[in-house]
Each structure stands twice: as C-alpha cells, then as structure tokens.
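Chains, contacts and geometry: an overview
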Amino acid sequence: MKITVHSSKAVKPAYDGGSLAAPVAGVVPLSVFDKANFDTYVSVIYAFRPPAPANAVLEAGLSKALAEYPEWAGRFGVDDDGNRAIVLNGAGARFVEATADVALDSVMPLEPTPKVVSLHPCGDDAEEVMLIQVTRFACGSLVVGFTAHHMVSDGRATSNFFLAWSQATRGVAIHPVPVHDRASFFAPRDPPLVDCEHRSVEFKSSDKLNDDRDDDGHAAADEVVTHKVHFSREFIAKLKTLASAGGQHHRSYSTLQCVVAHLWRCITMARGLDGREATSASIAVDGRARMSRPVPDGYTGNVVLWARPTATARELVTMPLHHAVGLVNKAVARINDGYFKSFIDFASSGAVEKERLVSSADASEMVLTPNIEVDSWLRLPFYDLDFGSGQPFSFTPSYLPVEGLLILLPSFSGDGSVDAYVPLFRRDMDVFKSCCYVLPELS
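Residues numbered from 1 in each chain as written. Predicted model: local features only at pLDDT ≥ 70, side-chain atom pairs only at ≥ 80, totals over all residues. Heavy atoms only, no water.

**Describing the pairing of strand β11 (residues 278–286)**
Direction of pairing for β11 relative to strand β13 (residues 310–312): antiparallel, over a ladder of three bridges. If you follow A278 over to β13, its bridge partner there is T312. Examined bridge by bridge, β11 and strand β15 (residues 372–376) share three bridges and lie parallel to one another. Each bridged residue has a counterpart across the sheet, and for I283 the counterpart in β15 is V374. (Pairing = 2+ DSSP bridges. Helix = DSSP H or I, 4+ residues; strand = E, 2+ residues; numbered from the N terminus.)

Have a look at this one:
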C-alpha cells in the first residue's frame, strides 16, 4: 500500500454560514481534569465504502464544525498566570489529502500495526491540536484518520467533534450542542474537603519520572504485538452468568466489568508474574453522569479519572472470575461524586505546584507490566459518523505499542459483541491467545 500526500493545509473556522471571519479570541485555561490526562496525541481511523463526498465538501464541513468547536482550531499557549492553556486564535486544524494505490479490500482488515500509521497525520512536532487525513483508495473507498491531542478533550468529547464534523458536512443541526465552560463545572468547594488519597493515585512526584520505566531489558529484547480479541455476544453472556453466579450477592455486572476482569486474569497468566506480585487495572471512568451536578454530554474537555482495582497475581488467577469482577466493580463504584469533588479540591489547592507533583498519566511509559490500563470506547457513537453517504464499516485505533494498554470498542457487527485490542510482549502472546477465549471455571 503506497500512500501519496497531495496537499496539507490549515482549515480555519467558518462563521456566519460560511464566510470566514475573525476568529473568536480568548484563552481557555486547562481544567484540573485536562492537566491530569495524557499529554499526547491519540489517533483513530474510520473507513467508508463509496461513494464518498468530495474533499472540498469535507473541508467545508470541517470549517463549519470548527466554528462550533474553536478549541480544535486553536493552539497550546499560556494564560495570564503562565499556566498552560488553549489559545483560541482560529489558526485552524491540519487537513491532509492523500490517495492510496490499492483497493481498500486488499489491505482489510485494518489492524493497529505500523502499516496504518500512514493513514493519519503524525502528531510529533505538530503545532495543531487536531490533524485530519482523508485518503481515497483506488476502489473509491475513503479512510479518515484523526490525530487529536488528549489534553484538549477525552474520548467522549473528541468523538462528539467527529460527529459534529459529519453533521456539518450533511447540513444538519449539530448534536449534542457543545458546552465550552471549563471553569464553573469544576470549581473547588469552599471550604475544600480532600477526603481521598490523590498524591499516589492521579499524581506522583516529579522526582519519580525516571523511576517508573521498565529497566529489566525486556523492552529492548522483545517486541510488543497487538492482538484483536473478538468476544461474541454469547461469550459475554456466559461471562456475565459466571460472574453473577459466584459470590454472596448474585448481582448483575456490566459488560465492561466482566470483560476487563477476564482480560486482566488472562494477561496476568500470560505474563507469568510471581504470585506475590501486585497487579492493578487502571480503568478510565467518565465523570459526566457521576457528579451531582451532571456535566452535559456536549462538554468539550476531559472529565475522566481512573479506578484501580488491585490484587496479587496469585489471588487474581486462582480465585474464580466473580472475585476479579467484584474487585473491578468495587473500584469503579468508588470513583463517585465525592471522589471527583475530592480530586477537584486537591488539584485546585496549590499542593500540586508546591510539592512539584505531576500527572500519573505518563504518555512516555511504554511498558505497563505488571499492570494494565483500560480505555473503554464501548459507548462512543462510532455508528453515527455519516458524511452523507453512509456510516463507516470499519474503525480501529492506530498503532500504539504500549504493552498492557487495552482498548475496548463495540464490534461493527452491531450485535452487542466487543472487540478488545491487547498489546503484549510477543513472548506472552501465545499463552494469552490460548486462554482468552476459554471460559473460566466456576468454583
């Protein structure tokens, strides 16, 4: 597959129905949730069957969407106090036009391997916070690759922007309506009440930045490969039955909780961890509906913290599935309104700056053993992205070889099945594959 780039330009917001006007000026300080998130770009790839709208039509729609989401047309800078912020200067999002010399079916399915990196712009050394590439294949199919900076927004908000672009391209009303206020929703309480631990959870000492790297030589000696696991609706139903049948309360657990618990156990087995070693699962939790003053679905920034169930390797793999699911359920339930408010109060107290703390969300950490991290995209509106000629038939995250970083998303079969992208060292992958489709025994 040879990709040829034909043009690369900055697309600026179009105001007043399409006439380009002066950008909306201003500076948007990053919220405490933005600052706690990963300081990196994230790339995803959508594929559409022909016919596809012309590039000029897509560009015009993007310009209209940027008028509604001026953050994505801005640049990182600082506010009056010297804090990192988004400068609303209307400089634009990067728009790259490219072609491929093969039919799309010849390279399907698209998987998170190095070959897909050519289907989206690279964020390295980029000035833009949003970069987009549209690639037309010889068969007429269209692939749209997005590269977006995570400190501007979380997965929910970023997918809302993608959706707005498709709606603007079709000429329909943008929904959900974007909500840009990054200050009032997360104001600290007076007086503040920090009743949860945050120093060793969302934050760590800047002195530890170089202490958390994998130094056992494995990163250099072994390759990280990604396996796509497809869990059918029937398999998930059986997992839920096993999880709910055990324990004392016979409760019902979510698809996310059951799949995460199962994968956590399988990965721990595959890694061959010492039974006494502690392992945790860092699970992203959306705070929009969890806070007592709900944050609107259209909020454009980050509202994510992480649940971190922890167990010893022996406990995790020898106890039945319902034990692991119970750990996940309890940890996720703990990230409630009170926890979110405690985080806001601590992050706003000045302790972070005084103690030289930094976010624990470290984008440079490429090996997560003995832990895992889970990004769930199960509720993101992938199916609704329609530029005027139908929904995408394929979606994939880009190549991101972070050992232990799991991405879960709904299968495009639309039948309730789930796809999980699991990156592990090659030496561990055979064992993982041998157990990930095996239902754990009920004991």
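We are not done yet, so read on.
**As for the environment of I45**
Residue position: I45 is located in strand β3 (residues 41–48). Among the residues examined, I45 registers a relative accessible area of 1% and is labelled buried. Considering only alpha carbons, one finds I45 and V32, 13 residues apart in sequence, at a separation of 29 Å. (Buried < 20%, exposed > 50% of the residue type's maximum accessible area, 1.4 Å probe, protein only.)

**Brief notes about the confidence of the model for the protein**
Across the protein, the average pLDDT comes to 91, with 93% of residues at 70 or higher. Long-range and interchain partners of residues 18–23, a stretch whose pLDDT sits below 50, account for 10 contacts in this model, where long-range means more than four residues apart. pLDDT under 50 marks residues 212–220. Its contacts with residues more than four places away, or in other chains, come to 10 contacts. (pLDDT = per-residue confidence, 0-100. Contact = heavy atoms within 4.5 Å.)

**Digging into the side chain of D345**
You can see D345 is positioned in helix α9 (residues 337–347). By relative accessible area, which is 2% here, D345 ends up buried. Polar side-chain contacts of D345 include one of 2.9 Å to the backbone nitrogen of L193. Those residues in contact with D345 that lie beyond four places of it in its chain are P188, R189, P192, L193 and V194. (Polar contact = N/O pair within 3.5 Å; in protein donor to acceptor, adjacent residues only side chain to side chain.)

**Focus: the layout of surface pockets**
By volume, the second largest pocket amounts to about 600 Å³. When contributions to the lining of the second largest pocket are tallied by element, the ones reaching two or more residues are α1 (32–36), α10 (351–354) and β14 (357–359). Along the lines of polarity and charge, the residues of the lining of the second largest pocket split into 13 nonpolar, four polar and seven charged. (1 Å grid on protein atoms, 1.4 Å probe; cavity = no way out; pocket = protein on both sides within 12 Å on 5 of 7 lines; lining within 4 Å. Points joined across faces, edges and corners; volume = space filled by probe spheres on them. Nonpolar A, V, L, I, M, F, W, Y, C, P; charged D, E, K, R; others polar.)

**Points about unusual backbone geometry**
Residue P109 is bonded to the preceding M108 through a cis peptide linkage, with omega at 0°. Summarising the element assignment, P109 is placed in the loop between β6 (93–100) and β7 (130–136). For the bond running from H175 to P176, omega is 0°, close enough to zero to count as cis. Positive phi outside glycine occurs at D125, with the angle close to 65°. Here D125 shows up in the loop between β6 and β7. Within the chain, R356 stands out as a residue other than glycine whose phi angle is a positive 55°. By the secondary structure assignment, R356 is in the loop between α10 and β14.

**Examining the sheet that holds strand β1 (residues 3–11)**
Ordered by their spatial adjacency, six strands build an open sheet running β1-β6-β7-β8-β3-β16, and the pairing between neighbours is mixed. Lying at the two open borders of the sheet, with one neighbouring strand each, are β1 and β16 (394–397). On average, each strand axis in the sheet is tilted by 15° relative to the strand beside it, whichever way the strands run. Of the strand pairs in this sheet, β7 and strand β8 (residues 142–149) are connected by seven bridges, and their pairing is antiparallel. Looking across to β8, one finds that I132 is bridged to F146. Its contacts with the sheet place helix α2 (residues 55–68) against β1, β6, β7 and β8, and it is angled at close to 160° to β6. (Axes fitted to C-alpha atoms, helices over the stretch in contact; angles between N-to-C directions.)

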